[in-house]
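Structural characterization, general
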Amino acid sequence: MQDAGFAVIVNKANPVKTLAVAELRRIFMKQTRMWPHAESIVPVDWDATSPNREAFSRRVLARSVREMGDYWVQQSVTQGLAPPSTQRSARALLRFIASVPGAIGYVPPGDVDDTVSVVKVTGLP
Amino acid sequence: MKKWALPLALLLFANPAWAQQDELAKLRTEITAQQAVMSRLLARIDALEKKLSETATKEELEDEAKTQQDSVDSVRQSLASRVNISGYSNFRYVHEEPERPSAFQLDHLGLIFGKQLGKFNFVAELELSNVPHHAESAEEHDEGEEGEEAEEHAEEAADISGEGQVAVENAWMEYNHNQYLSVRLGKQLSPQYWWQHRYPNLTYSTTLPIYLRELFPPELIGAMVRGQITRPVGSSEFGIGYSAYVSNNNFEGNSQADLRNGKAVGGRVQVRFPVSGIFRRLDVAADIYRGQTAHEGTELEEDNVEGFEGQLEVSRFMLNGEYARGESEGVKRKGFYLQPAIQLHPDWVGFYRVEQLESPRLQRAERRHLAGLNYRPFAQVALKGEWYRSLPLERSFIEHEEERQKFNGFALAAVFFF
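Quick caveat, the model's predicted, so the values are computed rather than measured.

A few points about the overall build of chain A
- Each helix and strand in chain A was counted, giving 4 helices and 6 strands.
- Helices and strands appear in chain A in the N-to-C order β-β-α-β-α-α-β-α-β-β.
- Against the compact-globule benchmark of 14 Å for 125 residues, chain A has a radius of gyration of 13 Å, which places it among compact chains.
- Each principal axis of the C-alpha atoms in chain A carries an extent, and together these give about 40 × 30 × 30 Å.
- Taking all 125 residues of chain A together, 37% fall into the buried category.
- Of all intrachain contacts in chain A linking residues separated by at least 6 positions in sequence, the fraction that spans at least 24 positions is 66%.

Pasting the structure below:
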């Protein structure tokens with residue numbers, strides 16, 4: 001995962017160690033809402049202008065940030081779902097994930113610290 | 001003292017030049033060593049000072065951490081308690097030749113409330129519309145009735161006053177057990193693609209395909225179970241989704257009561273194929289509906305509908321299509337639409353749609369061609385323009401000459417999602 005330019009991170013209490021990219025996509029599109037251990041999934045994303053988000057969006061979600069905007073408009077009207085909340089810095093994202101048990105996000109590998117766990121992602125294109 | 005004593009003393013006790021050089025070298029070595037010690041001491045002092053400095057800022061960091069923690073807690077709390085409010089507005093201008101007057105319409109103003117609590121999700125949608133809520137059904141009345149009643153309905157259909165009406169479009173609660181099983185109760189949209197994506201901010205055209213309301217009911221009041229099974233295939237996935245529902249039969253006022261024992265039932269199976277490269281989407285689905293419907297008056301008739309659909313995305317090209325046929329009391333009806341579209345630019349989409357309806361019970365057989373452009377500078381804003389041409393189809397069940405007239409029209413719309 002680290003060679004992708006980002007590391008997917010979860011709360012330290014989360015027992016999940018590996019995710020297939022299709023499952024990660026479903027999580028960030030809010031199609032999967034619960035962890036296997038029955039915790040609500042709380043995806044947290046980068047601000048829409050962030051290059052980290054554009055790279056993640058194209059690589060994992062197979063859509064540009066703009067196209068994901070269309071997707072969230074559709075989800076809002078048909079499912080009542082809001083897009084993931086956003087943070088503007090790796091530090092803020094790490095703190096959020098360290099504090100929220102079901103949270104999942106991604107940061108540049110160099111920003112990972114020991115307050116969170118890194119999840120291995122398989123099947124990345 | 002003898003004369004030789006002094007030189008002898010000097011010879012014995014004074015250092016020679018080479019000895020002094022040795023002394024100097026030793027001194028230099030000692031000074032260098034001392035300098036190294038001093039450097040180490042200075043480095044140690046620096047380190048201690050730095051450590052001291054860090055100790056000083058640690059408290060500040062703790063304060064900051066606490067502040068951030070409070071902020072995260074606050075966000076968390078607000079996320080848990082937040083009701084997601086969104087909505088859309090659709091303003092439309094339509095002009096049809098030769099008979100109907102042109103009109104401005106605040107076609108839809110919708111408010112959507114959504115809330116998620118763990119495995120439960122609730123959505124309610126209120127819609128203000130100043131055109132007949134079911135425009136095509138108003139046309140049904142026009143075509144199926146005669147005399148004063150028909151005139152009344154015609155007046156309703158022509159109402160562009162803006163007074164409109166408020167309708168509860170959606171009000172459902174869903175329990176999402178897992179991706180394989182969720183249960184949705186309440187008033188909800190039918191599961192077919194267009195009904196699920198019928199909102200003006202999601203469609204390219206300003207109008208519904210003409211056949212839609214004549215086949216699958218647009219919405220249902222009842223219970224639906226649905227889910228999907230997915231398997232990763234490379235970076236994509238293969239998925240099979242299903243939905244099955246039982247609902248009140250399809251007639252005006254069915255949200256209050258359906259006094260028949262036999263309820264409507266329906267189901268859908270959708271297959272999502274894995275995609276990669278320029279292939280971005282390939283979904284196909286089949287639907288079935290068995291129920292009763294009111295066409296004229298209050299008598300309900302058996303109504304069976306089947307249909308299939310597909311969505312394809314290849315690079316910048318998109319293709320949507322749906323086909324459905326129905327049978328009620330031995331009278332068959334059918335219709336379809338096919339809509340290719342192309343992303344001309346990140347902000348621009350061009351589309352074409354051909355659609356057709358053949359319905360003896362509506363006395364309507366029509367093929368329509370639409371072509372239009374969408375300008376979408378943001379995901380939340382759409383400006384639409386389209387031209388369309390309606391061509392009557394020669395069918396033996398068409399009795400009235402006015403149903404055999406061609407007409408053209410164009411429409412403009414401004415949609416805002418918030």
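Side note on the interface of chain A and chain B
- At the interface, 28 residues of chain A touch 34 residues of chain B.
- Those elements that place two or more of their residues in the side of chain A that touches chain B are α1 (21-28), α3 (65-79) and α4 (90-99) of chain A.
- The element that contributes the greatest number of residues to the side of chain A that touches chain B is α3 of chain A, accounting for 9 residues.
- Of the residues contributing to the side of chain A that touches chain B, the split by class is 13 nonpolar, 11 polar and 4 charged.

Things to note about the sheet that holds strand β2 (residues 18-20) of chain A
All names here are of chain A.
- The sheet built from 6 strands is open, its strands ordered β2-β6-β1-β5-β3-β4 with mixed pairing. The two strands at the open ends of the sheet, each matched to only one other strand, are β2 and β4 (85-87). If you compare each strand with its neighbour and ignore which way they point, the axes differ by 35° on average.
- Direction of pairing for strand β1 (residues 7-11) relative to strand β5 (residues 103-107): antiparallel, over a ladder of 4 bridges. Directly across from V10, in β5, lies its bridge partner I104.
- The strands touched by α1 are β1, β2, β3 (42-46), β5 and β6 (116-122); relative to β2, the strand with the most contacts, the crossing angle is about 85°.
- In this fold α4 packs onto β1, β3, β4, β5 and β6, with an angle of close to 155° to the strand it touches most, β5.

Quick notes on the nonpolar core
- Counting 26 residues, the largest nonpolar core has V8, I9, L24, I97, A103 and Y106 of chain A as the members making the most contacts within it.
- Elements supplying a minimum of two residues to this core: β1, α1, β3, α2 (51-61), α4, β5 and β6 of chain A.
- Of the residues forming this core, the biggest block, 5 residues, is contributed by α1 of chain A.
- Ranked by size, the runner-up nonpolar core spans 16 residues in total, among them W194, A264, A324 and L357 of chain B.

Describing the environment of G227 of chain B
All names here are of chain B.
- Along the chain, G227 falls in strand β6 (residues 219-233).
- Exposure remark for G227: the 17 C-beta atoms within 10 Å place this residue in the partly exposed category.
- Taking the C-alpha atoms as reference, G227 lies 5.6 Å from Q179; in sequence the two are 48 residues apart.
- Leave out the neighbours within four places in its chain, and G227 touches Q179, Y180, L181, S182 and Y242.

Here is what the cut-offs are and how they apply
- Residues numbered from 1 in each chain as written.
- Chains lettered and ligands numbered in written order.
- Predicted model: local features only at pLDDT ≥ 70, side-chain atom pairs only at ≥ 80, totals over all residues.
- Helix = DSSP H or I, 4+ residues; strand = E, 2+ residues; numbered from the N terminus.
- Rg over C-alpha atoms; globule rule 2.2 N^0.38 Å.
- Buried ≥ 20, exposed ≤ 12 C-beta atoms within 10 Å, placed from the backbone.
- Contact = placed C-beta atoms within 7 Å.
- Nonpolar A, V, L, I, M, F, W, Y, C, P; charged D, E, K, R; others polar.
- Pairing = 2+ DSSP bridges.
- Axes fitted to C-alpha atoms, helices over the stretch in contact; angles between N-to-C directions.
- Core = buried A, V, L, I, M, F, W, Y, C linked by C-beta atoms within 7 Å.

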